[in-house]
Amino acid sequence: PAELQNFVLCRHRAIDDWLAAALTRGIDQVVVLGAGYDTRAWRFAEALAERPIWELDFPATARRKARLARRRSRELPRSTLRTIEVDFERQSFADRLRAEGFATGIRTFFIWEGVSMYLTRRAVKESLAAMRELGGRGSELAADFWHLVDAPDAASTMRRISPSLLALLGEPILFGIHPEDVGPFLEREGITAREVVDAAGLEERYLSGDSRRCDPAFYVVNAGW
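For clarity, every value in this text was computed on a predicted model and none was experimentally measured. (Residues numbered from 1 in each chain as written. Predicted model: local features only at pLDDT ≥ 70, side-chain atom pairs only at ≥ 80, totals over all residues. Heavy atoms only, no water.)

**Student:** What should I look at first to understand the packing of aromatic side chains in this one?
**Tutor:** What characterises a pair of aromatic rings is the spacing of the ring centres plus the angle enclosed by the ring planes. The final tally for this structure, using the stated rule, is 8 aromatic pairs. Considering the side-chain rings of Phe145 and Phe175, the 6.5 Å spacing of their centres and the 65° angle between planes classify their relative orientation as edge-to-face. Taken together, the residues Phe145 in strand 5 (residues 140-146) and Phe175 in the loop between helix 7 (154-168) and helix 8 (179-188) connect sequence positions 30 residues apart. Of the two residues, Phe145 and Phe175, neither departs from the other in class, the shared state being buried. Through successive ring pairs, a cluster of aromatic residues spans Trp112, Phe145, Phe175, Phe185 and Tyr219. (Phe/Tyr/Trp six-rings, centres within 6.5 Å; stacked < 30°, edge-to-face > 60°. Helix = DSSP H or I, 4+ residues; strand = E, 2+ residues; numbered from the N terminus. Buried < 20%, exposed > 50% of the residue type's maximum accessible area, 1.4 Å probe, protein only.)

**Student:** I keep staring at the pattern of salt bridges and nothing clicks. Help me out?
**Tutor:** If the charged atoms of two oppositely charged side chains come close together, the side chains can form a pair. Considering all chains together, one arrives at 23 salt bridges under this definition. For Glu113, the salt bridge is made with Arg40, and the minimal N-O distance between the two is 3.1 Å. With Glu113 in the loop between strand 4 (108-112) and helix 6 (121-134) and Arg40 in helix 2 (residues 40-43), this pair connects stretches of sequence that are 73 residues apart. Note on Arg40: relative accessible area 0%, which makes it buried. Among the salt bridges present, the one from Arg96 reaches Glu100, with a minimum N-O distance of 3.5 Å. What emerges from the salt-bridge pattern is a single network uniting Arg11, Asp16, Asp38, Arg40, Arg43, Glu113 and Asp144. (Salt bridge = Lys/Arg side-chain N within 4 Å of Asp/Glu carboxyl O.)

**Student:** Help me out: how do you make sense of the layout of surface pockets in this one?
**Tutor:** To find leftover empty space, one rolls a probe the size of a water molecule over the atoms. Considering only enclosed or pocket space, the largest pocket measures out at about 790 Å³ in volume. Taken together, 28 residues line the largest pocket, and the ones lying closest to its centre are Phe58, Phe88, Trp112, Val115 and Leu119. The set of elements that each furnish at least two residues to the lining of the largest pocket consists of strand 1 (29-33), helix 5 (93-99) and helix 6. If one sorts the elements of the lining of the largest pocket by residue count, helix 6 sits on top with 4 residues. Split into classes, the residues belonging to the lining of the largest pocket amount to 16 nonpolar, 7 polar and 5 charged. (1 Å grid on protein atoms, 1.4 Å probe; cavity = no way out; pocket = protein on both sides within 12 Å on 5 of 7 lines; lining within 4 Å. Points joined across faces, edges and corners; volume = space filled by probe spheres on them. Nonpolar A, V, L, I, M, F, W, Y, C, P; charged D, E, K, R; others polar.)

**Student:** For this particular structure, what's the right way to read helix 8?
**Tutor:** Count 3.6 residues to each turn of an α-helix, and residues three or four apart come out pointing the same way. Those residues of helix 8 lying buried are Pro179, Val182, Phe185 and Leu186. Viewed along the axis of helix 8, the buried residues span an arc of 95°, placing them on a single side of the element. When the buried face of helix 8 is taken as reference, the exposed residues oriented beyond 90 degrees from it are Glu180 and Arg188. Looking at the packing, one finds that the buried side of helix 8 touches helix 6, strand 5, strand 6 (192-197) and strand 7 (218-224). (Arc of directions from axis to C-beta. Contact = heavy atoms within 4.5 Å.)

Set out below in structure tokens:
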């Protein structure tokens, strides 16, 4: 759907902006959880300087991305990318990071994009706790979350049905939290929400003067500790 595509583009831009600001403030390293085909290691190569950017993903995805990157290696700038293969369902991403020489206790920028809604509440809390343990004082988190839109119109009714449809396709939405509640939720995990930007906020920020709309079921958060 167009609204979801627009949200994904705006989400990516918002996280880019937060990352750029964090790098100017002197963040020490970057972690991308569930990286997929993320290209920030190359797009931010100059701003990262010699700071490492760690990407974690399932082995099949990580290996395919590595093959694609090798094919374009002459076109890509030198990066500090460090790729870690991890089965998130069976392995601790914190343990995998430590095993590969990750420096704990320093300022880390965590990117958690398109992941939280597919985890159980328990897994979300465990993931936040792991990030909190890995990153030192001054660390940040940029993430997106999903919530159940409770408006009475037909479009919102379809959005309430969509998690069931996704479940039939093998990608059930398991976790949702309203933008009004995400701050207290994170606070209980020792993390402070600095910005919560819903669909309307993303439209105002990145689609001003445009007729495009973002899916109102999703929003982005910048937080820190």
